[in-house]
Amino acid sequence: MSTNTVAGVRPAAEPTASQGAAAAFRGAVAAEWTKLFSVPSTWWTILAGLVVMAASALQLAIYAANDNTNDDPLDDRGIVTVGSVVIDSVELTQYAVLALGLLAITAEFTSGTIRTTLQCTPARGRVLLAKAVVAGAVTFALGLLLGGVGALVARPTLGGWGSAPAAGTIGDIVAVATYLALVGVLALGLGAALRSAVLTITVLFAILMIVPLSLMEPDIAVLNRIADVFPGVAGGHFMAGDTEPYPGAVGLLLLAGWAGAALLLGRAALRRRDA
């Protein structure tokens, strides 16, 4: 019997495999958080998002107020909710926000620092998941900030033509933040697969806007249904709380599915190809 056992002192238990994996994952998340906020591009991207959101919300609110006060009664829109202006402003603002997701991975491929990252954390799936957690959390928080800024700009601009019920406005802002977080993760996954910021933003622009708009242009039912499953359209139905062509919750699930599929694609590319 050892001295420690006689004295009543038990030896420290060895960490289990799951505890070791959890600690490694926490370390990977901390490293990704530090990297993201240590580069100027992150702060410039956040600033760009704030400027685009404020400008878009201001412009859309002016349009809504003018439609109600001009000499043409056919375009009168009546009372407009502030939340709807914020949601419509996301169409342009999202491209500033998703840059956070794609740059979190493509910048490392461009600079070559991805080799150091993978040496520190050899499990490539863990690296990508840590990046996804950080990108999703940051873009969600940024989405809340952007939604708040958009609401603050739109409310006084709309004047008497605007409505801002507290519960509805907060719900719309949270929906916007959720959409931007999932789009940010989608951008990350595609960035891991494509490795190029330019190529990634091109593909994102295509699947979020160009392809669905092209499908809807002929106004053919089957093409409209196909367009409805694309991430930008599905996210729009979710944010607006639509009931047609499917409930908003289905739109959220479709958008989450796109984000998850992009991560799986990125993970496969990371495992198959050298850094």
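Residues numbered from 1 in each chain as written. Predicted model: local features only at pLDDT ≥ 70, side-chain atom pairs only at ≥ 80, totals over all residues. Heavy atoms only, no water.

**Quick look at helix α4 (residues 82-111)**
Stage number 1. Between the first and last C-alpha of α4 there are 42 Å, a value that for 30 residues agrees with the 44 Å anticipated at 1.5 Å per step.
Stage number 2. At L92, α4 shows its maximal bend, which comes to roughly 55 degrees.
Stage number 3. α4 sits mainly inside the fold: 22 of its 30 residues count as buried.
Stage number 4. Of the residues flanking the end of α4, it is G112, one or two places downstream, whose phi is positive at about 85 degrees. (Helix = DSSP H or I, 4+ residues; strand = E, 2+ residues; numbered from the N terminus. Expected span 1.5 Å × (residues − 1). Bend = angle between axes of the 7 residues up to and from the residue. Buried < 20%, exposed > 50% of the residue type's maximum accessible area, 1.4 Å probe, protein only.)

**Section: the packing of aromatic side chains**
Given two aromatic rings, one states the distance between the centres and the angle between the planes to describe the pair.
Stage number 1. This structure, assessed with the given rule, holds 4 aromatic pairs.
Stage number 2. Measuring from ring centre to ring centre gives 5.0 Å for W33 and F37, while their planes differ by 45 degrees; the resulting arrangement is tilted.
Stage number 3. Of the residues examined, W33 reaches a relative accessible area of 45% and is grouped as partly exposed.
Stage number 4. Following the ring pairs from residue to residue traces out a cluster consisting of W33, F37 and W43. (Phe/Tyr/Trp six-rings, centres within 6.5 Å; stacked < 30°, edge-to-face > 60°.)

**Let's talk about helix α10 (residues 231-240)**
Stage number 1. Taken across its 10 residues, α10 has 8 buried, putting it largely inside the fold.
Stage number 2. Elements that come into contact with the buried residues of α10 comprise α4, α7 (166-194), α8 (197-216), α9 (221-227) and α11 (248-272).
Stage number 3. Just beyond α10, the residue with positive phi is G241, at close to 70 degrees. (Contact = heavy atoms within 4.5 Å.)

**A closer look at the nonpolar core**
Stage number 1. Core analysis: the biggest nonpolar cluster contains 62 residues, and L98, Y179, L204, L208 and M239 have the highest contact counts within it.
Stage number 2. In contact with L204, other than residues within four places in its own chain, are L98, L102, L186, A187 and L190. (Core = buried A, V, L, I, M, F, W, Y, C linked by side-chain atoms within 4.5 Å.)

**Remarks on the pattern of salt bridges**
Stage number 1. By the definition in use, this model includes 5 salt bridges.
Stage number 2. Ionic pairing is found between E32 and K131, a salt bridge with its closest N-O pair at 2.7 Å. Residue E32 is found in helix α2 (residues 17-36), and its partner K131 is found in helix α6 (residues 124-158); the two are separated by 99 residues along the sequence. Each member of the pair, E32 as well as K131, is classed as buried.
Stage number 3. A salt bridge links D228 to R225, with the shortest nitrogen-to-oxygen separation between them at 2.9 Å.
Stage number 4. For R225, a relative accessible area of 46% translates into the label partly exposed.
Stage number 5. Each of E32, K35, E108 and K131 takes part in salt bridges that share partners, so that together they form one network. (Salt bridge = Lys/Arg side-chain N within 4 Å of Asp/Glu carboxyl O.)

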